[in-house]
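# A structural walkthrough
Chain residues, written in single-letter form:
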Amino acid sequence: QVQLVESGGGLVQAGGSLRLSCAASGRTFSTYTMGWFRQAPGKEREFVGAVKWIGGATYYGDSVKGRFTISRDNAKSTVYLQMNSLKPEDTAVYYCAASPSYPATRATIYNFWGQGTQVTVSS
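So, here is what we can say about the structure in this document. All chains use their own residue numbering, which begins from 1 and follows the written sequence. Given that this is a predicted model, residues contribute local features only at a pLDDT of at least 70 and side-chain atom pairs are listed and counted only at 80 or more, while totals for whole chains, interfaces and linings are drawn from all residues. With hydrogens and water set aside, each side-chain value is computed from the structure's full complement of heavy atoms.

As a further point, take the sheet that holds strand β3 (residues 18-26). By definition, two strands form a pair when at least two bridges between them are found by DSSP. Helix and strand definitions here come from DSSP, where helices need a minimum of 4 consecutive H or I residues and strands a minimum of 2 consecutive E residues; each element is numbered from the N-terminal end. Spatially, β1-β3-β8-β7 is the arrangement adopted by the four strands of the open sheet, whose pairing is antiparallel. The sheet is open, and its two edges are formed by β1 (2-7) and β7 (68-73), each paired on a single side. Sheet twist, expressed as the mean angle between neighbouring strand axes with direction ignored, is 20°. The pairing of β7 with strand β8 (residues 78-83) spans six bridges and is antiparallel. Every angle, taken between N-to-C directions, lies between 0 and 180 degrees, and every axis is a line fitted to C-alpha atoms, over only the stretch in contact when it is a helix.

Inspection of the secondary structure puts Thr117 in strand β11 (residues 117-122). Remark: the alpha-carbon pair of Thr117 and Thr105, spanning 12 residues in sequence, is separated by 20 Å. Between two residues, a contact is recorded if the distance between any of their heavy atoms is within 4.5 Å. Dropping the residues within four chain positions of it, Thr117 is found in contact with Glu6, Ser7, Gly8, Gly9, Leu20, Ala92, Val93 and Tyr94. There is a polar contact of 3.2 Å between the side chain of Thr117 and the backbone nitrogen of Gly9. N or O atoms closer than or at 3.5 Å make up a polar contact, with two conditions inside protein: a donor-capable atom paired with an acceptor-capable one, and, for residues adjacent in sequence, both atoms drawn from side chains.

It is worth spelling out the pattern of salt bridges at this point. Salt bridge, as applied in this entry: a Lys or Arg side-chain nitrogen positioned within 4 Å of an Asp or Glu carboxyl oxygen. Per the stated rule, a full pass over the model turns up four salt bridges. For Arg38, the salt bridge is made with Asp90, and the minimal N-O distance between the two is 2.8 Å. Of this pair, Arg38 sits in strand β4 (residues 33-39) while Asp90 is found in the loop between β8 and β9 (92-99), placing the two residues 52 residues apart along the sequence. A relative accessible area of 0% places Asp90 in the buried class. A salt bridge links Asp62 to Lys65; the nearest nitrogen and oxygen atoms lie 3.2 Å apart. The pair Asp62 / Lys65 is uniform in exposure class, with both members exposed. Exposure is judged per residue with a 1.4 Å probe applied to protein chains only, and the accessible area is read against the type maximum: over 50% gives exposed, under 20% gives buried, and values in between give partly exposed.

Shape is all these values report; function is a separate question.
Here is the structure:
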């Protein structure tokens, strides 16, 4: 079992930055791929990016490439999503998730999910 808790969401103006955190716990989370997804009202859940705990390889969805960066802190068992140059269309609930697969871009192959944190970008 893996437990995930997100934090760091909030309201920011367009062009600004936010950093989300995802604290992980559980016996085997270090073998997982940790992903970030987002879901805006009326839209499907969208893949943002992911990082492999072992080795730290990252990959991103096309809509955030060059603006968002995922990193991890092994000592703190925490994954971060640094979001720069935010746009109003980035407004969504952001979720952290864990998958035993790699690579993992589809929400259906993620077994564990956090509760989500709201990010709102004003124009």
